[in-house]
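Listed here are the chains, written in short residue letters.
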Amino acid sequence: MAKISLLIAEIGSTTTAVNGFQFDGDQSRFVGQGQSYTTVEEGDVNIGVMAAIDDLKKNINDPELQWEQLIATSSAAGGLKMSVHGLVYDMTVKAAKEAALGAGANLKMITAGKLRRLDLKKLEELQPNIILLAGGTDYGERDTAIENAEAIASLKLKAPVIYAGNVENDEEIKLIFDEAGMECYIVDNVYPRIDALNIEPTRQVIQEVFERHIIHAPGMEKINELVTGPIMPTPGAVMAAAKLLHEDLGDLVVIDVGGATTDVHSVSEVSEEIQRILIAPEPKAKRSVEGDLGCYVSMPSVVEFVGKEEIAKRLNISLEELEELMERHKPIPEEELDIAFTEILAEYATVTAMKRHAGTFRDMYGAEGKKTLAQGKDLTPVRYIIGTGGALTRLPHRVEIMEKIAKSNNGYELLPTREAKILVEKDYIMASLGVMSREYPERALDVLKQSLSL
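Quick caveat, the model's predicted, so the values are computed rather than measured.

**Here's the deal with the overall build of the chain**
- If you tally the helices and strands in the chain, you get 16 helices and 19 strands.
- Taken over the C-alpha trace, the chain has a radius of gyration of 23 Å; the compact-globule value for 454 residues is 22 Å, and the two agree within 12%.
- Principal-axis analysis of the C-alpha atoms gives the chain an extent of 60 × 60 × 50 Å.
- Split into buried and exposed, the 454 residues of the chain put 55% on the buried side.
- For the chain, the computed accessible surface area is about 20,500 Å², with 48% contributed by carbon and sulfur atoms.
- Here the chain holds 48 positive side-chain charges and 72 negative ones, and the gap between their average locations is 2 Å.

Written out as structure tokens, the structure is:
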């Protein structure tokens, strides 16, 4: 293979992977993957990217490999570190949070109402990559967002600000940040009126701003020497792939159980039955990330949740043996007992993350008696549950683990039903295909369906 069509680098916090793709006429295929350590601390992520390319050359037995284009996703240098500031937590703050998470943000600070001195101190210490400011429905409350803008502007942070609040404030907010010498982007209101979400414009601008500013992050300054196309935040790229697949397959949910966190991306419409009793609107495309659920870094917390006695019983070992097992636990399990232990962790992380992501029924009691309402994301229409990431693409009982989602329903949860089909994204390339879809949506969909064996 003299020249490969496209290389995509996934620059993670610790590991960099480079995936190769070949385009031949209308045919597109995944060629192979190379891996190396991420070299942010060396001051140049290109070192890790080139090492991963060398590994790819070895894996596909092509030492002379060249490429036409290289694009990337990144969660290195802390990823897309954001803060979100709105008016009412269950309204504008929630809408802004959904926009940020859907764009692939790592949310480090969320506030509702007027910023206090302690909030400003924390914001200054955080030094976020992007600040998202919202507040007030269109032609509603104005003062909180303006006061918060003035408070943030007084800090003179380097971070760009995105304002997605009451349209009446647009010009004044822009003036405040212009006078402070801070970059400011005005976007349509994320919560323009009661019971209406409008998060897609904000999500898009977040990714555009991230792309412009990621090249200034420590260790990323030279990335444009290699990358010739877009750079997306890795979780945002996974969401882009999920949305692309939704256009072809319909309602779906993607779950990635990692070492430290578990991410859930759902793209689904609310059913008519639930729509009639839903308390507040939910986004069609929703992402949640659970920082206490994972199979390696978060292993101690998951063990605590499940219970050591329960785990020892399921593994048919003593508590002392379990302690030894925990001490020698590796990111990638190799021994049979280690794999069985990891599957228990992955099962709990999968089911719990899905329960947190999904909505629930609520019984309300009033003068007319009991009334059942729904709150949160409705996953009952989901037709496909897709496993990606290391655990749900490599563990022997990965399909059985995902089948536990529907089986765990207590009757009050808006989880996918048992009719939902389980798919495994065997090549673990969803993030790459998400960024590929920016320029080559049809090719990305083709390769994604190959990875899902569709």
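**Re the environment of Gly 434**
- Mapped onto the elements of the fold, Gly 434 is located in helix α15 (residues 430-436).
- Look at Gly 434 and you get buried, because its relative accessible area is 0%.
- On a C-alpha basis, the gap between Gly 434 and Pro 333 in space is 28 Å, while along the polypeptide they are 101 residues apart.
- Each residue touching Gly 434, except ones within four places of it in the same chain, is listed here: Met 232, Ala 237, Ala 240 and Ala 241.

**Looking at the sheet that holds strand β6 (residues 70-74)**
- One open sheet holds the five strands; their spatial order is β4-β3-β2-β6-β12, and the pairing between them is mixed. The sheet terminates laterally at β4 (27-37) and β12 (231-233), the two strands that pair on one side only. Looking at each pair of strands side by side, their axes are set apart by 20° on average, direction ignored.
- Where helix α6 (residues 200-213) meets the sheet, it contacts β6 and β12, and its direction lies at approximately 120° from that of β12.

**Description of the packing of helix α10 (residues 308-315) against helix α12 (residues 336-357)**
- In contact at an axis separation of 11 Å, α10 and α12 are set at 135° when each is read in the N-to-C sense. In terms of orientation, α10 lies oblique with respect to α12. α12 is crossed by α10, and the crossing has right-handed handedness. Here Ile 311, Arg 314 and Leu 315 of α10 lie close against α12, whose contacting residues are Leu 337, Ala 340, Phe 341, Ile 344 and Glu 347.
- Here the contact of α10 with α12 is composed, by residue class, of six nonpolar, no polar and two charged.

**Structural notes on the packing of aromatic side chains**
- Under the counting rule described, the total for this entry stands at three aromatic pairs.
- Between Phe 21 and Phe 30, the aromatic rings sit 5.6 Å apart at their centres with planes inclined by 45°, giving tilted as the arrangement.
- For Phe 21, a relative accessible area of 0% gives the class buried.

**As for the pattern of salt bridges**
- Counted by the stated rule, this structure contains 23 salt bridges.
- The residue Glu 200 makes a salt bridge to Arg 203 at a minimum N-O spacing of 2.8 Å. With a gap of three residues between them, Glu 200 and Arg 203 both fall in helix α6, about one helical turn apart.
- For Arg 203, a relative accessible area of 3% translates into the label buried.
- Of the charged contacts in the structure, one is a salt bridge between Lys 330 and Glu 334, with a shortest N-O distance of 3.7 Å.
- Bridged by salt links that share partners, the residues Lys 94, Glu 98, Glu 282 and Lys 286 form one connected network.

**A few points about the nonpolar core**
- Core analysis: the largest hydrophobic core is formed by 47 residues, its most contacted members being Ile 11, Met 82, Leu 132, Ile 162, Val 190 and Ile 206.
- Elements that contribute at least two residues to this core include exactly β2 (6-11), α1 (45-59), β6, β7 (80-86), α2 (89-102), β8 (105-112), β9 (130-133) and α6.
- In this view, Ile 206 contacts Leu 80, Met 82, Ala 99, Ala 100, Ala 103, Ile 130, Leu 132 and Ile 162; residues no more than four positions away in its chain are not counted.
- Of all hydrophobic cores here, the second largest spans 38 residues; its members include Val 253, Val 257, Cys 295 and Leu 322.

Reading the values: rules and limits
Residues numbered from 1 in each chain as written. Predicted model: local features only at pLDDT ≥ 70, side-chain atom pairs only at ≥ 80, totals over all residues. Heavy atoms only, no water. Helix = DSSP H or I, 4+ residues; strand = E, 2+ residues; numbered from the N terminus. Rg over C-alpha atoms; globule rule 2.2 N^0.38 Å. Buried < 20%, exposed > 50% of the residue type's maximum accessible area, 1.4 Å probe, protein only. Areas by Shrake-Rupley, 256 points an atom, 1.4 Å probe, with all protein chains shown as cover. Lys, Arg positive; Asp, Glu negative; His and termini not counted. Charge placed at Lys NZ, Arg CZ, Asp CG, Glu CD. Contact = heavy atoms within 4.5 Å. Pairing = 2+ DSSP bridges. Axes fitted to C-alpha atoms, helices over the stretch in contact; angles between N-to-C directions. Parallel < 35°, antiparallel > 145°, perpendicular 65-115°, else oblique. Left-handed = near helix turned anticlockwise from the far one by under 90°. Nonpolar A, V, L, I, M, F, W, Y, C, P; charged D, E, K, R; others polar. Phe/Tyr/Trp six-rings, centres within 6.5 Å; stacked < 30°, edge-to-face > 60°. Salt bridge = Lys/Arg side-chain N within 4 Å of Asp/Glu carboxyl O. Core = buried A, V, L, I, M, F, W, Y, C linked by side-chain atoms within 4.5 Å.

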